[in-house]
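Commentary on secondary and tertiary structure
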Amino acid sequence: MYEYFRGTLALAGNNFAVVDCHGVGYRLGISLNSFAKLPDIGHDVQLFSHYHVTENSQALYGFYTADEREVFESLVAVNGIGPKVALAVLSTLTVEQIVSAVEQQNSAAFKACSGVGPKTAQRMILELKGKINITVAAGARTVRTTEKPAEQSVRDEAYTALIALGYNESQVRVALAKIAEQLDESDTVQNWITTALRVV
């Protein structure tokens, strides 16, 4: 709905910024990393934006870079993660660190993030791997979906991954049985896992 807000920085705190655009002040939730890059009050600023709507609320979020917004939108698309946790992750880790952790499946990297336990970290990695479509300066390349070699059936790989997430065998079998009519072996493991997580 809104691509960005450009105006005068009227007010800011470690989790919000108010941008005055032609006399209208827009309050946007921000991460600590974005806050650290803001200019002094009264100076011009531009923040990329995300308009988040749920049944009970509407809120604006701002990001100093488009890449940070891309990661935020990817995070809130993960089952069980809302804007508050997404901002906590972006306040603790840089965009490059998040992309690297997801790509390398390093769940320990998220330990310091408020609201992210081991199970949530694993879920984030499983659902985000290959989906954060941004260029990381450190690696100078774009992260895209990469399928694993088919050493075992896709369903078996999904089963193993879900067990590793902490679900019991009964829960996993029921979930995989429910989605078996929607998916087949031509679908990726990631697709099986993501779909199963919605019904488990």
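Time to look at the overall build of the protein chain. Regarding its fold elements, the protein chain presents 8 helices and 7 strands. A buried classification covers 41% of the 200 residues belonging to the protein chain. Of the roughly 10900 Å² of accessible surface on the protein chain, 48% is carried by carbon and sulfur atoms.

This part covers the environment of Arg6. Along the polypeptide, Arg6 turns up in strand E1 (residues 4-13). On a C-alpha basis, the gap between Arg6 and Phe48 in space is 8.7 Å, while along the polypeptide they are 42 residues apart. Ignoring sequence-local partners within four residues, the contact set of Arg6 consists of Val19, Cys21, Val45 and Gln46. A distance of 2.7 Å separates a polar atom in the side chain of Arg6 from a polar atom in the side chain of Gln46.

What helix H7 (residues 169-179) keeps buried is the set Val172, Ala175, Leu176 and Ile179. Mapping the buried residues of H7 onto a view down its axis gives an arc of 95 degrees, with all of them on the same face.

A few words now on the environment of His22. Within the fold, His22 resides in the loop between strand E2 (16-21) and strand E3 (24-29). The exposure class assigned to His22 is exposed, which follows from its relative accessible area of 84%. For the pair His22 and Gly7, spaced 15 residues apart in sequence, the C-alpha separation works out to 7.3 Å.

Time to look at helix H8 (residues 189-197). Of all 9 residues that make up H8, 8 are buried, and the element is covered over most of its length. Listing the buried residues of H8 in full gives Val189, Gln190, Trp192, Ile193, Thr194, Thr195, Ala196 and Leu197. Taking the backbone nitrogen of Asn191 as reference, a side-chain oxygen 3.1 Å away marks Thr188 as the first, capping residue of H8.

Ranked by internal contacts, the top residues of the largest apolar core, which has 27 residues, are Phe72, Leu75, Val89, Leu90, Phe110, Val116 and Met124. Excluding anything up to four places from it in sequence, Leu75 contacts Ile81, Ala86, Val89, Leu90, Met124 and Leu128. One finds Ala158, Leu183, Val189 and Ile193 within the second-largest nonpolar core, a separate group that totals 17 residues.

With respect to the helices and strands, the residue Val89 is situated in helix H3 (residues 83-92). Overall, Val89 belongs to the buried group, its relative accessible area being 1%. For Val89 and Ser114, which are 25 residues apart along the polypeptide, the C-alpha to C-alpha distance reads 7.2 Å.

Turning our attention to the side chain of His50. Structurally, His50 is set in strand E4 (residues 44-53). Reaching out from His50, the side chain makes a polar contact with the side chain of His52 at a distance of 3.2 Å. In this structure His50 touches Ala59, Leu60, Tyr61, Phe63, Arg69, Phe72 and Glu73, once residues within four positions along its chain are discounted.

Applying the stated criterion across every chain, the model contains 6 aromatic pairs. Where Phe5 meets Tyr26, the ring centres are 4.6 Å apart and the plane angle is 35 degrees; that geometry is what we call tilted. Of the two residues, Phe5 is situated in strand E1 and Tyr26 in strand E3; the sequence distance between them amounts to 21 residues. Under the relative-accessibility criterion, Phe5 is labelled buried at 5%. Overall, Tyr26 belongs to the partly exposed group, its relative accessible area being 26%. Consider the rings of Tyr61 and Phe72, whose centres lie 5.3 Å apart with planes at 35 degrees: the pair is tilted. Taken together, the residues span a long stretch of sequence, with Tyr61 in strand E5 (residues 58-63) and Phe72 in helix H2 (residues 66-76) at a distance of 11 residues. According to the relative accessible area criterion, Tyr61 is buried, its value standing at 14%. On the basis of relative accessibility, which here comes to 0%, the residue Phe72 falls in the buried class. Among the aromatic side chains, those forming a connected cluster through ring pairs are Tyr2, Phe5, Tyr26 and Tyr51. Here the basic side chain of Arg27 rests over the ring of Phe16, its NZ or CZ set 3.8 Å away from the ring centre.

About the criteria used
- Residues numbered from 1 in each chain as written.
- Predicted model: local features only at pLDDT ≥ 70, side-chain atom pairs only at ≥ 80, totals over all residues.
- Heavy atoms only, no water.
- Helix = DSSP H or I, 4+ residues; strand = E, 2+ residues; numbered from the N terminus.
- Buried < 20%, exposed > 50% of the residue type's maximum accessible area, 1.4 Å probe, protein only.
- Areas by Shrake-Rupley, 256 points an atom, 1.4 Å probe, with all protein chains shown as cover.
- Contact = heavy atoms within 4.5 Å.
- Polar contact = N/O pair within 3.5 Å; in protein donor to acceptor, adjacent residues only side chain to side chain.
- Arc of directions from axis to C-beta.
- Core = buried A, V, L, I, M, F, W, Y, C linked by side-chain atoms within 4.5 Å.
- Phe/Tyr/Trp six-rings, centres within 6.5 Å; stacked < 30°, edge-to-face > 60°.
- Lys NZ or Arg CZ within 6 Å of the ring centre and 35° of its normal.

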